[in-house]
Amino acid sequence: MTSDNSKNSTVSGMSSEEEAKLTVLRDGIDDIDKKIALLINNRAQLAQEVAAVKHQFKSDDEPVVFYRPEREAQVLRKIMDLNEGPLNDEEMARLFREIMSACLALERPVSVAYLGPEGTFTQQAALKHFGHSARTSSMPAIDDVFREVESGSVNYGVVPVENSTEGVINHTLDNFMTSGLKICGEVELRIHQNLMVSDVTKIDSITRVYSHAQSLAQCRKWLDAYYPHVERVAVNSNSEAARRIKGEWNSAAIAGELAAHQYGLHILNEKIEDQPDNSTRFLIIGSEPVPISGDDKTSIMVAMKNQPGALHSLLQPFHQHNIDLTRIETRPSKTGAWNYVFFIDFNGHISDYSVKEALKVIDLHAADVKVLGSYPRAVL
Ligand SMILES: O=C(O)C(=O)C[C@]1(C(=O)O)C=C[C@@H](O)C=C1
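Predicted model, so just to flag it, every value in this text is computed and none were measured. (Residues numbered from 1 in each chain as written. Predicted model: local features only at pLDDT ≥ 70, side-chain atom pairs only at ≥ 80, totals over all residues. Heavy atoms only, no water.)

Draft legend 1. Layout of the overall build of the protein chain. Along its length, the protein chain carries 12 helices and 15 strands. By its C-alpha atoms, the protein chain is 95 × 60 × 40 Å across when sized along the principal axes. Out of the 380 residues in the protein chain, the part that is buried amounts to 43%. Long-range contacts, defined as pairs at least 24 residues apart, comprise 75% of the intrachain contacts of the protein chain with a sequence gap of at least 6. As displayed, the protein chain offers around 20,600 Å² of accessible surface, 52% of which is attributable to carbon and sulfur atoms. Charge separation in the protein chain, taken as the distance between the mean sites of 39 positive and 52 negative side-chain charges, equals 2 Å. (Helix = DSSP H or I, 4+ residues; strand = E, 2+ residues; numbered from the N terminus. Buried < 20%, exposed > 50% of the residue type's maximum accessible area, 1.4 Å probe, protein only. Contact = heavy atoms within 4.5 Å. Areas by Shrake-Rupley, 256 points an atom, 1.4 Å probe, with all protein chains shown as cover. Lys, Arg positive; Asp, Glu negative; His and termini not counted. Charge placed at Lys NZ, Arg CZ, Asp CG, Glu CD.)

Draft legend 2. Main features of the site of the ligand. Close contacts around the ligand come from Arg43, Val50, Lys54, Phe66, Tyr67, Arg68, Arg71, Glu72, Met100, Cys103, Leu104 and Glu107, and that covers them all. Contact distances for the ligand include 2.8 Å between an oxygen atom and a side-chain N or O atom of Arg43. In the environment of the ligand, an oxygen atom lies 2.5 Å from a nitrogen or oxygen atom belonging to the side chain of Glu107. The set of elements that each furnish at least two residues to the shell around the ligand consists of helix H1 (16-56), helix H2 (69-82) and helix H3 (89-107). Among the elements that take part in the shell around the ligand, H3 stands out by supplying 4 residues, more than any other. (Near = heavy atom within 4 Å. Polar contact = N/O pair within 3.5 Å; in protein donor to acceptor, adjacent residues only side chain to side chain.)

Draft legend 3. Broad picture of the nonpolar core. With 24 residues, the main nonpolar core has Val145, Phe146, Phe176, Ile285, Met301 and Phe343 as its most contacted residues. Counting only elements with at least two residues in this core, the list comes to strand S1 (111-115), helix H5 (142-151), strand S3 (156-163), helix H6 (170-178), strand S11 (279-286), strand S12 (296-304), strand S14 (340-347) and strand S15 (368-376). The leading source of residues in this core is H5, at 4 residues. A domain split of this core shows at least three residues from each of domain 1 (109-191 + 279-285) and domain 3 (290-376). Excluding its chain neighbours within four sequence positions, the residues that come into contact with Ile285 are Val145, Phe146, Val149, Asn155, Tyr156, Gly157, Phe176, Leu181, Lys182 and Cys184. (Core = buried A, V, L, I, M, F, W, Y, C linked by side-chain atoms within 4.5 Å. Domains from an automatic or database assignment.)

Draft legend 4. View of the sheet that holds strand S6 (residues 194-197). What the 5 strands build is an open sheet, ordered S8-S7-S9-S6-S10; its pairing is mixed. Single-partner strands in this sheet number two, and they are strand S8 (231-235) and strand S10 (266-269). Averaged over neighbouring strand pairs, the angle between their axes works out to 35° when direction is ignored. Bridge count for S6 against strand S9 (residues 251-255) is 3 bridges, and the pairing is antiparallel. In the strand pairing of S9, Asn194 is matched with Ala255. (Pairing = 2+ DSSP bridges. Axes fitted to C-alpha atoms, helices over the stretch in contact; angles between N-to-C directions.)

Laid out in structure tokens, this is it:
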């Protein structure tokens with residue numbers, strides 16, 4: 001005979017008082033969800049009307065630009081400013097990022113090529129920037145991402161440009177020397193590395209760890225401390241490392257969380273990077289210039305002759321016009337043995353008076369000046 005030791009308990013195992021309270025609260029949530037769904041669709045309708053207006057004011061042979069990075073940055077900043085919690089600003093902006101991504105997909109789905117394979121941090125950056133309604137495709141090399149955008153096969157590309165511990169990604173910078181593409185956005189991603197194994201791994205017998213050379217370098221001290229005798233094998237990407245260990249009982253891989261999900265692996269140790277603030281910056285490349293958003297950065301490339309005072313004459317105009325430099329990199333030029341190319345990022349938009357004036361002066365001293373793009377500072 002079964003005994004009912006709580007006369008108030010229900011089938012769900014809750015007391016009827018608990019159930020009653022939850023019902024009231026959940027009714028409230030249902031009510032709000034109904035309103036949110038309605039409002040999201042009202043917003044989507046307005047986005048469709050925006051698309052119609054964009055069409056209306058273009059002639060037949062002019063391309064209509066649906067994706068507007070400056071407007072998206074303004075929307076996200078406003079949401080963060082208005083936010084009063086309990087959700088934090090980043091969470092709120094992430095939700096609106098996805099709403100806008102869905103609205104844009106209704107206007108015209110945006111296609112994005114990224115440095116693959118699937119599961120890389122670059123894919124994570126592409127999704128963070130464009131949201132999950134974007135159509136993303138993985139490319140085997142940085143050159144291929146540039147080529148896909150140049151040929152018009154996709155609307156935008158995402159490539160890594162610098163890592164806070166390992167420095168600049170030269171391959172990306174070198175592509176700008178020959179490409180006519182514009183930088184139309186930036187993404188910053190906190191990079192967390194994880195040691196992962198597959199179903200068949202014998203955890204006490206690991207003799208090899210695979211990862212991209214940069215990720216191995218980012219976890220060098222951790223590996224020295226916990227796996228000093230394990231062979232470190234550099235492969236093309238972290239995803240490649242994750243894919244490889246699927247059938248190897250004595251191997252582990254270092255990669256991001258997305259790769260673990262993608263290949264069905266188990267994370268043994270998380271956040272094993274030596275620098276806790278390890279982050280990578282990615283660039284969004286496209287063919288359209290981006291109007292001012294109110295909080296922008298500009299990237300330029302300047303070719304200088306290797307002569308005394310060259311760097312001084314390059315930097316002086318920025319100082320004179322009170323423009324903050326955020327980064328400067330030097331690369332050897334591919335055209336003359338003793339010429340240098342400087343990649344400079346600074347705060348401001350190309351349409352700002354002070355930026356225009358500074359660039360006029362730089363133009364007088366430089367062999368060549370190329371504006372790679374003005375774009376909104378990363379919001380998330
Ligand atoms: O304002 C626009 O131009 C829109 O197309 C609307 C919207 C949005 O959903 O807010 C959608 C896509 C654009 O990238 C920017 C904003």
